Amino acid sequence: MAAMPALDVTEGPRCRGWQQEAALRMLDNNLHPDVAERPQELVVYGGIGKAARNRACLEAIRRELMALAGDETLLVQSGKPVAVFETHAAAPRVLIANSNLVPRWATWEHFRELDAAGLAMYGQMTAGSWIYIGTQGILQGTYETFAAIARARFGGSLRRRLVVTAGLGGMGGAQPLAVTMNEGCVLCVEVDLQRIERRIRERYLDERAGSLDDALARLERARCEGRALSIGLLGNAAEVLPELARRGAEVDVVTDQTSAHDPLNGYIPAGMSPERAAALRGADPDRYLERVGQSVLAHVDAIRTLGRRGAEAFDYGNALRGVARDHGDADAFAYPGFVPAYIRPLFCEGKGPFRWVALSGDPADIAATDRAILDLFGDQQHIRRWIELASERVRFQGLPARICWLGYGERHRAGLRFNELVASGEVKAPIVIGRDHLDAGSVASPQRETEAMRDGSDAVADWPILNALVNTATGASWVSFHHGGGVGMGLSLHAGQVCVADGTEAAAERIRRTLLADPGMGIVRHADAGYEAALDAARRLGVRVPMAR
Ligand code: NAD
């Protein structure tokens, strides 16, 4: 097996099978310093999204995975291993439930009490389900979102266009590269200097400006020359965006990716450094939240104002509008969320953020999978362009990985091909295949993935539960069910699955079944809500929907 210097797991499999070994490597990968935002606190991304509840739980999960037999299943409850049961060879090796609370108790206040008592963990989406792959994991979705805006508003490219956004964290850090991949210019406001520097180091962000004037001058030059450019500006979105609105700056697209879904831990109020914010948060959380509220009111008002003046304004799924509404802004939802605006047509065909990871640690294995994807789907121009751009411009964080949005009928073919690559030795170790929880049929989230559903079924959460159940029945390698995720407590329920292509016949069967049923849920969910595109996809692709009209 190839060496894995980046992760120091050079000694080869430590578990009793590759299904378990894959879970162990992905858990370690989530917490690798090149991958996680704050590994010392076990925080992977997205505010306080963690991979394990605490150090003792982390070590216990690792121990249990190493001991786990091929017909046993480990149960993880909010980042703590709580049971091992005999199941059977084709069952998931790990079942995970994170941050789930009975609806009336599903508030940040109650969650924080439990968290402080050591009884809970915030799992975000892929943090607690061990399939985060660094900023690349969200890069293509962000790239596709900006590409959709370019097509709808600007003739297919963001060339000579200015995007303004904030937040350069684990996911938000994808924004600058996603805009420049679409040939545009982007100003990214971020309060934490280390985050700006990290994104420059990782080549997601081009440069940093010393002041707003400096940033605007450089961006204007690039815009006139038709040159793509991303600039990070140390500052607070709640100050910089209102200033842009006051100046009447010419902005073409405006959005935000601060961690507003968790106002206490993820949003820094105006006028404060991250250090001062931390002090106030600890000393007087209520006062802190009040200041967040005032800042978000100004922030949302600026986005809305820029939108009214002609910019494409949209919410990037971080619950910013909800915070403003909770503080009295009745018009906070005046601009749309990104799913109904750009992504839902993809969900109707079961398309979503399919991703995979080379457990060998060897980038050549991802190059082999890239070739396989081009061989299978290279006739689709957008897939070809994405894979070519990604292989050229994405620097891996931790284990080499790739994301590529694929739909129903495509994902299982990719998975089976990867399994063949493992079986034939064309790649040096098994490939882990997973996805974000933000997918076609795996989420109920009325302010994001299921905002403004055609039949009004935004808050119906049976769908993600069925998704987790069917992925368990089809034999994914590990299955997870979480609450909160990217929008916060009380606002979403979502499921994840990961399959391991270890080159065996048994893996091929599990992959085929899971990678049909899982994206199939996307088609079914949207067909049930009456979307014509989903009903058409079901007919065309042979997905059985018993009461489809
Ligand atoms: P993160 O916590 O790693 O990063 C958030 C960043 O925002 C931090 O760097 C922080 O310093 C900065 N920040 C906080 N307040 C600020 C302010 N007032 N002004 C400027 N900067 C500020 O989170 P992340 O993983 O990058 O995710 C960001 C948000 O986007 C989350 O709420 C997440 O749920 C949401 N999100 C992203 C996507 C996507 O497709 N990219 C999808 C859904 C949701």
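Residues numbered from 1 in each chain as written. Predicted model: local features only at pLDDT ≥ 70, side-chain atom pairs only at ≥ 80, totals over all residues. Heavy atoms only, no water.

Overview of the side chain of H526
By secondary structure assignment, the location of H526 is in helix α18 (residues 505-528). Not counting the four nearest positions on each side in its chain, H526 is found in contact with R344, F347, C348, A440, M453, Y531 and A534. (Helix = DSSP H or I, 4+ residues; strand = E, 2+ residues; numbered from the N terminus. Contact = heavy atoms within 4.5 Å.)

Things to note about empty space enclosed by the protein
Under the defined criterion, the tally for this structure stands at two cavities of 30 Å³ or more. Size it by volume and the largest cavity reaches roughly 40 Å³. Taken together, Y45, T126, Y132, G137, I138, M171, R355 and D436 make up the full set of residues lining the largest cavity. Looking at the lining of the largest cavity, its residues break down into four nonpolar, two polar and two charged. Counted as a void, the second largest cavity has a volume near 30 Å³. F347, D439, A440, V443, E449, T450, M453, R525 and H526 are the residues that line the second largest cavity. Class assignment of the residues belonging to the lining of the second largest cavity gives a composition of four nonpolar, two polar and three charged. (1 Å grid on protein atoms, 1.4 Å probe; cavity = no way out; pocket = protein on both sides within 12 Å on 5 of 7 lines; lining within 4 Å. Points joined across faces, edges and corners; volume = space filled by probe spheres on them. Nonpolar A, V, L, I, M, F, W, Y, C, P; charged D, E, K, R; others polar.)

Considerations on the sheet that holds strand β8 (residues 207-209)
The six strands lie next to each other as β8-β9-β7-β6-β10-β11, forming an open sheet whose pairing is parallel. Looking at which strands have only one partner, the edges of the open sheet turn out to be β8 and β11 (312-313). When strand β6 (residues 162-166) meets strand β7 (residues 185-190), the two strands line up parallel, connected through five bridges. Counted as the bridge partner of V163 is V186 from β7. (Pairing = 2+ DSSP bridges.)

Considering the site of the ligand
In the vicinity of the ligand, 32 residues are found, and the nearest of them are E190, S259, H261, R448 and G486. Contact between the ligand and R195: an oxygen atom at 3.1 Å from a side-chain N or O atom of the residue. Between the ligand and S259, the relevant distance is 2.8 Å, taken from an oxygen atom to a side-chain nitrogen or oxygen of the residue. Burial of the ligand by the protein chains amounts to 96% of its free accessible area of 870 Å². A per-class count over the shell around the ligand returns 10 nonpolar, 17 polar and five charged. (Near = heavy atom within 4 Å. Polar contact = N/O pair within 3.5 Å; in protein donor to acceptor, adjacent residues only side chain to side chain. Areas by Shrake-Rupley, 256 points an atom, 1.4 Å probe, with all protein chains shown as cover.)

A closer look at the nonpolar core
In terms of nonpolar packing, the biggest core is built from 103 residues, with W130, I373, F418 and W478 touching the most fellow members. Sorting elements by how many residues they give to this core places helix α4 (residues 136-153) first, with seven residues. Here F418 is in contact with F354, W356, T369, A372, I373, I431, I433 and A501, once residues within four sequence places are set aside. One finds A222, A238, V240 and V292 within the second-largest nonpolar core, a separate group that totals 44 residues. (Core = buried A, V, L, I, M, F, W, Y, C linked by side-chain atoms within 4.5 Å. Buried < 20%, exposed > 50% of the residue type's maximum accessible area, 1.4 Å probe, protein only.)

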